[in-house]
Amino acid sequence: MHLLRQDQDRAAGHKPGMAGLFGWGRGNRPHGDTGGETWLLPLVAQTPAAMAVFDTDMRYVAASFRYLSDFRLAVESPSSLVGRSHYEVFPEIPDRWRDLHRRVLAGETLSADQDPFLRADGQTDWLQWEMAPWRRPDGSIGGAILVSSFVTARRQAEEALRVGEQRYRAALKGPPIVVFEQDLDLRYSWIENPGLGHQPEEVIGRTEFEVFEYAEDAAALQAIKREVIRTGAGLRREVRLRHKGLERFFALSVEPRRDAAGATTGVICAAVDITERHRIEAALRESESRLLVAAEAAGMGIFDIDLATGEANWSAEQFALLGIPPSPDGRSHTDRWRGCVHPDDIAAADEARRRCIVEGIPYHAVYRIRRASDGVERWMESYGRLDGAPGQATRLLGVMFDITGRKRAEAILRDANTELEHRVGERTRALTEAGRELKAEMRRREEAQASLLQAQKLEALGQLTGGVAHDFNNVLAAILGSFELLSARITDERLRRFVTIGERAARRAEALVRRLLAFARREQLTPVTIEPASLLRENASLIRHAAGSRVDYSLDVAPETWPVLADVHQLEVALLNLTVNARDAMPDGGQLTISARNVAADQPLPTDLAPGDYVVLAVQDSGTGMPAEVLARATEPFFTTKEPGRGTGLGLAMVHGLALQSGGALRIHSTQGEGTRAEIWLPRAAARMTEPDGAEPATDPGLHGDATLLVVDDDDQVRPVTAGFLRDLGYTVIEAANAEAAEVLAHAAGSVDLAITDVVMPGADGPALAARLRAEWPGLPILFVTGHADRYRLEGEKVLAKPFTSVELGRHVLERLGRGGGTAAETLLAARLRTPALREAYQAWRRARRGGGLPTPAAFDLSALSEAGSSFLVAVSNAPDEPAFRYLRVGQALTDRLGRALAGTAPDPDDTLGSLEDGYRRCVRTGAPTYEYARYRMASEPPVLFERLLLPLSDDGATVTHLAGVALFANIPVEV
Amino acid sequence: MTGTLPDFDQDDLAAAIERLPPEALNTLPFGAIRLNAGGEVVVFNDAEKRLSGFGDRPALGRHFFTQIAPCMNQPGFRGRIDRALAAGDAEIEFGWIGDFSSPERELRVRVTPATGGGCWILIRRETA
């Protein structure tokens, strides 16, 4: 240490100075030796420096207060120290000091700038001191003076500066830091580590513009520095400098440089080259950006979760995938994510995360989310990893992406597989089903073949039966006709009884033949539309009678039963046959039910029926039932289980034939001991048609006669009977046994009004004869009769089946003569006309008809009628479209009743006749007679009957040109 | 089956019909329409629905005379009938035969007072 310094020269040079300072002269003695010099002590005491004066024994002569305080001496005043030895006051004083004291007392002046001083508390302070001898007036050394001051604070500052300097130097030797100063003109005044290949001397005294290649770089730098000079506040900036074609980046720190007065004199700057860091950061940014772009392009969201806080960073894509706006909503990202995850999937996703964080298993989860923006459900898959070992990692990083498309594809594939399996299963089932169906079909085919065999057998039987039956018809025609003629001529009642018996027997034979023919399906059926409900109700009493008193009969007709198309008589007979069978199956009584119900086309039908709607009429009994072998033969003709004489064996056969011929079927279900159910299946009628009047009313005798008829039949028994009927009706009859004879006889007669001919004859047959006759007399009406109605369907011809009654023959003759009666309606009208005057007018009108046309006005003479006064004649114009009417003639009785003459006028809608204009129009339109009536009674007036008959007339036989009418008013006697 | 249904031609036809249970009215083989005193249709049976071809809509109303009884369609006569029917004091029967082109070859109509005012119109269409 150089702190203690021995300076002989200074000691010699400074001694007088110091002595002078204290005012000490040679004669002054501070202690002991001086005695009376008391002024010295207070002077020293007040000295502002630490000062002590010793004698040659190092006893205190004087000391300053500062000395006491600096050395922390616990005495009240400097005077307390006077006379005490220095070594007594500082007993621990090192020996070095004793040497120094001796040297000073020997005449040396000693000093030190910094001398360590160990305090009592162990602390070291640093002391600057000077010690010099003082001399008495005789020049001898009287003692020593010590002046000192502690310099610890100054020493510490110096030390700090030194260390700082050392560190700064060390720092500049490390990284490329440029430190420099610039003055207010921004000229470099000092620089360390200039960098960029510059030497300090190239820089000092210059500005940036002279140092750097690009003026704009220099300007940018100067702008920063001027800002600092202007504001007096330091700035940190990152700056770019281009040098030799390369970009370099520096972190620049600029501080104002101030003088002692605080005025800014320039700037102190430090610049660190961060080009490499900049490059790395840019590369990192680029890499990060590439990753983000790639992730975004892949539709991949990226997440980065801080495990300590649960906070996360998401990429934009992550937000987009979840449909969450990037703006915060107060919830953590993790909570927002969980809010989107499907409730059913959240547990699995949480568990995957937990295992990743706790066990370090890479995070993988597949889950559904409901997109927050639109609620659409999507499938997501997430992968993630920790950034360190479990327990030490701080982050979980991962990606999430949408796998909905893949899921759908998987689902479709799965469905396709399922569908394939399903179809294989279906196909297998279908094949099994087809196999079963094939077996069933084989079985049905066998059954059908059996049915066919049975049908062929029945057909053969039918052929045989039909042939025999037709021959019988001729026989019966002769027998019946003969009995009918006999009956008309015999007056003896006893004889008449035999005729009646014979006639009845023949009728029974005829019925039997009809049934045979019905079975053989040779008989012509007359199918009409039948309402089953009406039919069953109308026949209820007959059926009840047939069933007998022991049988409880009930009728069960389903509502709205459809109409059927069948021959009404045959159907009635069929029902009666079934009823009789049922009765015979219940000898001790039982329950008989006849029912009707619809079976729609979509319901199961018997196999041999064509598809369509059917009505089933069923006769059900509670009788003995039939064994299978009987049931199998039940419909065969002549097969019967009844005792001889009770059954014909034709009942079920007839029903069977009727059903088949009507397009239906007969089905019999029977269980022994339980009963039998016979069902007649009939096709539903296409529409409700009209039912021909079943009754055959006798024709009006007044229409017959006054004509010549040719009767041709090779059967000598039948022909006379036919001729007999016709003669009885008042006709002139020519008989012929064959076609040739017929032609000759017709020529001989000159004129024939109608030819009636058998169809099958030796030689020329009926049709051939008809052709010849028509060649001779065009328009000659011809009526064919035959016992083989089925074999000769004569197109457009009128055919009468043998045997026939005189009534049937009469009706056909009238029809062919064009005298009406051919239609049931006209017959009905005739029957309804009860007032004689109207019947008379109607018959006169019918007789006036020729060849089926309407009578002419000339042929129909109104004045000949008994009620001519009530008749009228109307002229019709513009018929039939818009007919207009004008009265030509009105009888007197009508004129009287109306009170004015109508002839020449048009009908007035307001009067009794005129109001009937609708009736006129109807009559013109239909070309048929119209009858109207009204019976009324009002208040107390007597009842009135009004009747009117309108008859169409025609000049040409076709278009109605006139109407003849009869109108009657009658007061009916009031019944009491 | 049901008991005996009234016959169209019986004298007390209106009373017999009124005695029938309501469902039996629909089993009548002829049309039955009841008009109240105001001429409005209050009863309309199934047969009429079916046979008239008008379905659920009554074929007849106040002016049935002009529609089916043209022979009574005179202003003076019709007025008398209207008044008499409204008073429940009229018996009318009318009909025609002979329109062969129509399924209704014979039409018969009875108009008879109903108990308590108005009248029954009973229509029988005889098809052949």
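The sections below set out a description of the structure shown in this document. (Residues numbered from 1 in each chain as written. Chains lettered and ligands numbered in written order. Predicted model: local features only at pLDDT ≥ 70, side-chain atom pairs only at ≥ 80, totals over all residues. Heavy atoms only, no water.)

1. A word on the sheet that holds strand 20 (residues 590-599) of chain A
Residues and elements named next belong to chain A. Quick reminder of the rule: Each pair of strands is called paired provided DSSP finds at least two bridges between the two strands. By the criteria applied, helices consist of DSSP H or I runs no shorter than four residues and strands consist of E runs no shorter than two, each listed in order from the N terminus. Axis definition: a line fitted to C-alpha atoms, limited for helices to the stretch in contact. Angles are taken between N-to-C directions and run from 0 to 180 degrees. Residue contacts follow a heavy-atom distance rule, with two residues in contact if any of their heavy atoms lie within 4.5 Å.
As summarised here, the arrangement of the 5 strands in space is 18-20-21-23-22, forming an open sheet in which the pairing is mixed. Because the sheet does not close on itself, it has two edges, and the strands there are strand 18 (551-557) and strand 22 (665-671). The mean inter-strand angle of the sheet, taken between neighbouring strand axes irrespective of direction, is 15°. Both strand 22 and strand 23 (residues 675-683) contribute to a ladder of 7 bridges, which runs antiparallel. Bridging across to strand 23, Ala665 finds its partner in Trp681. With respect to the sheet, helix 19 (residues 568-585) is in contact with strand 20, strand 21 (614-621) and strand 23, its orientation differing from that of strand 21 by roughly 25°.

2. Some points on the pairing of strand 16 (residues 395-402) of chain A
Here 7 bridges tie strand 12 (residues 300-306) of chain A to strand 16 of chain A, and the two strands are oriented antiparallel to one another. Note on strand 16 of chain A: the bridge partner recorded for Gly301 of chain A is Met400 of chain A.

3. Some thoughts on the environment of Thr404 of chain A
Residue and element names in this part refer to chain A. Which entries qualify depends on this criterion: Polar contact is defined as a pair of N or O atoms within 3.5 Å, subject to the rule that within protein one atom must be able to donate a hydrogen and the other to accept it, and that residues adjacent in sequence are counted only when both atoms are side-chain atoms.
Mapping Thr404 onto the fold places it in helix 15 (residues 404-489). Between the alpha carbons of Thr404 and Arg368 there is a distance of 8.8 Å; along the sequence they are 36 residues apart. For Thr404, the contacting residues outside a window of four places in its chain are Arg378 and Trp379. Here the side chain of Thr404 touches Asp402 through a polar contact of 2.6 Å, side chain to side chain.

4. Here we look at the packing of aromatic side chains
All names here are of chain A. Test applied: Stacked, tilted and edge-to-face are the three classes applied to pairs of Phe, Tyr and Trp rings, where Trp contributes its six-membered ring and a pair requires centres within 6.5 Å; stacked means planes under 30 degrees apart, edge-to-face means over 60, and tilted covers the rest. Residue burial is assigned from relative accessible area. The probe radius is 1.4 Å, only protein chains are included, and a residue is buried under 20% of its type maximum, exposed over 50%, and partly exposed in between. By definition, being over a ring means that NZ of Lys or CZ of Arg is both within 6 Å of the ring centre and within 35 degrees of the ring normal.
On inspection of all chains with the given rule, the structure shows 19 aromatic pairs over all chains. Between the aromatic rings of Tyr842 and Trp845, the centroid separation amounts to 6.1 Å while the plane-to-plane angle is 15°, which identifies the pairing as stacked. Of the two residues, Tyr842 and Trp845 are both situated in helix 27 (residues 836-847); the distance of 3 residues between them amounts to about one turn of the helix. A residue is classified by how much of its surface remains accessible, and Trp845, at 0% relative accessible area, is buried. An aromatic cluster of at least three residues, connected via ring pairs, comprises Phe54, Tyr60, Tyr67, Phe71, Phe90, Phe117 and Phe150. The ring of Tyr87 has Arg98 sitting right over it, with the charged end atom 4.3 Å from the ring centre. The ring of Trp379 carries Lys407 above its face, with NZ or CZ at 4.3 Å from the centroid.

5. Some thoughts on the sheet that holds strand 9 (residues 235-243) of chain A
All names here are of chain A. Spatial strand order, 8-7-11-10-9: 5 strands in an open sheet with antiparallel pairing. Two strands close off the open sheet at either side, each with one partner strand: strand 8 (188-192) and strand 9. Between one strand axis and the next, the sheet turns through 25° on average, direction left out of account. Where strand 10 (residues 246-258) meets strand 11 (residues 264-273), 9 bridges bridge the pair, whose relative direction is antiparallel. Counterpart to Pro256 in the pairing with strand 11 is Val267. Sheet contacts for helix 10 (residues 215-231): strand 7 (177-183), strand 8, strand 9, strand 10 and strand 11; angle to strand 9, the most-contacted strand, approximately 165°. On top of the sheet, helix 11 (residues 275-297) reaches strand 9, strand 10 and strand 11; it is set at about 125° to strand 10, its chief contact.

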